[in-house]
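Listed here are the chains, written in short residue letters.
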Amino acid sequence: MGQKDIVEKMLEDYPDVFADIINVLIFHGEPVVKEDELHQTKTRSQYKADDSELHEQERDNLKLWISGSRIVLFGLENQTAIDHDMSLRVIGYDGASYREQLLESPGNKRYQVVTLVLYFGDQPWRSQKSLQDRISRVEGIMGSDYKIQVFEIAFLTDEQVQMFRSDFGIIADYFVKRRRGEVYEGSRKPIRHVDAMLKFMAVFAKDQRFLKIKLDEKEEVNMCVILDRVEERGRQEGIRMGREEERARTDKILDQVEERGRQEGIRIGREEERARTLRLIGILLQQGRADDIERVCADEQYCKKLLNQYGLQ
């Protein structure tokens, strides 16, 4: 399993978070599912494909809820992008779980398998939510349908967000406000699972800055604290960039000054060279050496030789 996959599963794997998600999205905020009623179960199942090889498929999060005579296997699947084949994937996951009931407990009571698809995108889930809508059908033949439950986290109502009691409520609030384009000022509600929360946000908010926040292990952490750390980190980064820009500006000024000096030096050098050459020509004129004057103008090396000869260098 890749590191990204592990990070995605960490937060929701906590019983308080898992139960909270089920209670809000399925039971409308009623605390029906208790933490101690959730039981860990394997998320990986095996199947044979057309190549007769044994393959594995793995769910994001899967827990068995047992409360008296009520038994339900709840699965959570996370999506950051729309998947048009999600209904096919879910029927595969759920089918594998039903098959395991046949293999592991023949003749025993059968229980529901319920999968919730948690979608974290900023655009509505405009895709098929049932098997029949996704597959091509032959007229006159009605096959079995299979519908999936997609919960668009960024489109939850304020009332739904307020129902959450776990860290997931902070996440839902963040995604809702981001989708609306509102200024996110954070929440002072303490975060229980800080490390898992930050890693979850880094993956699903697609912002690695959540992983660069430095926190004191002993302090009580909430989103206001996290935003303060991000702001402070941004301030320090801004100071560093400002200093670098000022150094670059200073260097540019010095470069300009140096270039002005260089151009002035070139001008002075040319004028001095012209003056020496004119003095040489004057001497040659006095000596009646017209041929040498013509040669001095055409031959730079000969000119330098005469300048040196007459002490004009």
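Residues numbered from 1 in each chain as written. Predicted model: local features only at pLDDT ≥ 70, side-chain atom pairs only at ≥ 80, totals over all residues. Heavy atoms only, no water.

Q: Please explain the sheet that holds strand S1 (residues 38–40) as it appears in this structure.
A: Read from one edge to the other, the open sheet built from five strands follows the order S1-S4-S5-S6-S7, with strand pairing classed as mixed. Each end of this open sheet is capped by a strand with a single partner; those strands are S1 and strand S7 (149–152). For this sheet, the mean angle separating the axes of adjacent strands, direction not counted, is 30 degrees. Where strand S4 (residues 61–67) meets strand S5 (residues 70–79), seven bridges bridge the pair, whose relative direction is antiparallel. (Pairing = 2+ DSSP bridges. Helix = DSSP H or I, 4+ residues; strand = E, 2+ residues; numbered from the N terminus. Axes fitted to C-alpha atoms, helices over the stretch in contact; angles between N-to-C directions.)

Q: Please clarify how helix H6 (residues 168–180) should be interpreted in this entry.
A: Residue pairs spaced three or four apart in an α-helix point in one direction, given the helix's 3.6 residues per turn. Compared with the 18 Å implied by 1.5 Å per residue over 13 residues, the 18 Å span of H6 between its first and last C-alpha is a close match. Of the residues flanking the end of H6, it is glycine 181, one or two places downstream, whose phi is positive at about 80 degrees. (Expected span 1.5 Å × (residues − 1).)

Q: Teacher, can you tell me more about the nonpolar core here?
A: Taken as a class, soluble globular proteins show a tendency for nonpolar side chains to be buried jointly. Leu118, Phe175 and Phe210 are the most contacted members of the largest nonpolar core, which totals 47 residues. Of all the secondary-structure elements, those providing two or more residues to this core are helix H2 (15–25), S5, strand S6 (112–119), H6, helix H7 (194–204) and helix H8 (223–286). Among the elements that take part in this core, H7 stands out by supplying eight residues, more than any other. One finds Ile281, Leu306, Leu307 and Leu312 within the second-largest nonpolar core, a separate group that totals ten residues. (Core = buried A, V, L, I, M, F, W, Y, C linked by side-chain atoms within 4.5 Å. Buried < 20%, exposed > 50% of the residue type's maximum accessible area, 1.4 Å probe, protein only.)

Q: What exactly am I supposed to notice about unusual backbone geometry here?
A: Here the phi dihedral of histidine 28 falls at roughly 55 degrees; this positive angle occurs in a residue that is not glycine. Residue placement: histidine 28 occurs in the loop between H2 and S1.

Q: I would appreciate a short explanation of the state of the cysteines in the present structure.
A: Put plainly, two cysteines are in a disulfide when a covalent bond ties their sulfur atoms together. With the rule as written, the count across this model stands at zero disulfides. With no disulfide of its own, cysteine 297 lies 7.8 Å from the sulfur of cysteine 303, the closest cysteine sulfur. For cysteine 303, a relative accessible area of 7% corresponds to the buried category. (Disulfide = S-S within 2.5 Å.)

Q: I'm lost on the pattern of salt bridges in this one. Help?
A: Close approach of charged atoms allows side chains with opposite charge to pair. Under the defined criterion, the tally for this structure stands at 18 salt bridges. Aspartate 94 serves as the salt-bridge partner of arginine 59, at 3.3 Å between the closest nitrogen and oxygen. Of this pair, arginine 59 sits in the loop between strand S3 (54–58) and S4 while aspartate 94 sits in helix H3 (residues 86–104), placing them 35 residues apart in sequence. Across the pair, aspartate 94 and arginine 59 agree in class, each one buried. As a salt-bridge pair, arginine 262 and glutamate 258 come within 3.6 Å of each other at their nearest N and O atoms. One end of the pair, arginine 262, and the other, glutamate 258, are both in helix H8, four residues apart, so they sit about a helical turn from each other. Judged by relative accessible area, which is 40%, arginine 262 ranks as partly exposed. Overlapping salt bridges, with partners in common, bring together Arg59, Glu77 and Asp94 in one network. (Salt bridge = Lys/Arg side-chain N within 4 Å of Asp/Glu carboxyl O.)

Q: Looking at this model, I keep getting lost on the packing of H6 against H7. Mind explaining?
A: Any two packed helices are characterised by how steeply their axes cross, that is the angle between the axes, and by the distance between the axes. In the contact formed by H6 and H7, the axes pass within 11 Å of each other and the chain directions differ by 30 degrees. As summarised for this structure, H6 and H7 are arranged roughly parallel, according to the angle between their axes. Crossing hand, H6 versus H7: right-handed. Each of Ile170, Ile171, Tyr174, Phe175 and Arg178 in H6 lies in contact with H7, whose residues at this interface are Met197, Phe200, Met201 and Phe204. Residue classes in the contact of H6 with H7 are distributed as eight nonpolar, no polar and one charged. (Parallel < 35°, antiparallel > 145°, perpendicular 65-115°, else oblique. Left-handed = near helix turned anticlockwise from the far one by under 90°. Contact = heavy atoms within 4.5 Å. Nonpolar A, V, L, I, M, F, W, Y, C, P; charged D, E, K, R; others polar.)

Q: Please explain the packing of aromatic side chains as it appears in this structure.
A: The geometry of an aromatic ring pair is captured by the separation of the ring centres together with the interplanar angle, meaning the angle of the planes. Evaluation of the coordinates by the stated rule reveals eleven aromatic pairs. Where tryptophan 65 meets phenylalanine 74, the ring centres are 6.2 Å apart and the plane angle is 35 degrees; that geometry is what we call tilted. This pair shows no difference in class: tryptophan 65 is buried, exactly as phenylalanine 74 is. Relative to phenylalanine 200, the ring of phenylalanine 120 has its centre 5.6 Å away and its plane inclined at 70 degrees; by these criteria the two rings are edge-to-face. With phenylalanine 120 in the loop between S6 and helix H4 (131–134) and phenylalanine 200 in helix H7, the pair connects residues that are 80 residues apart, well separated along the chain. These aromatic residues form a ring-pair network of at least three members: Phe120, Phe164, Phe168, Tyr174, Phe175, Phe200, Phe204 and Phe210. Residue placement shows arginine 179 over the ring face of phenylalanine 155; its charged tip is 4.2 Å from the ring centre. It is arginine 295 that lies over the ring of tyrosine 302; its NZ or CZ is 3.9 Å from the centre. (Phe/Tyr/Trp six-rings, centres within 6.5 Å; stacked < 30°, edge-to-face > 60°. Lys NZ or Arg CZ within 6 Å of the ring centre and 35° of its normal.)

Q: Mind showing me how you'd approach the environment of serine 144 here?
A: With respect to the helices and strands, the residue serine 144 is situated in the loop between H4 and S7. As a C-alpha pair, serine 144 and leucine 131 span 13 residues in sequence and 8.3 Å in three-dimensional space. Each residue touching serine 144, except ones within four places of it in the same chain, is listed here: Leu131 and Gln132.

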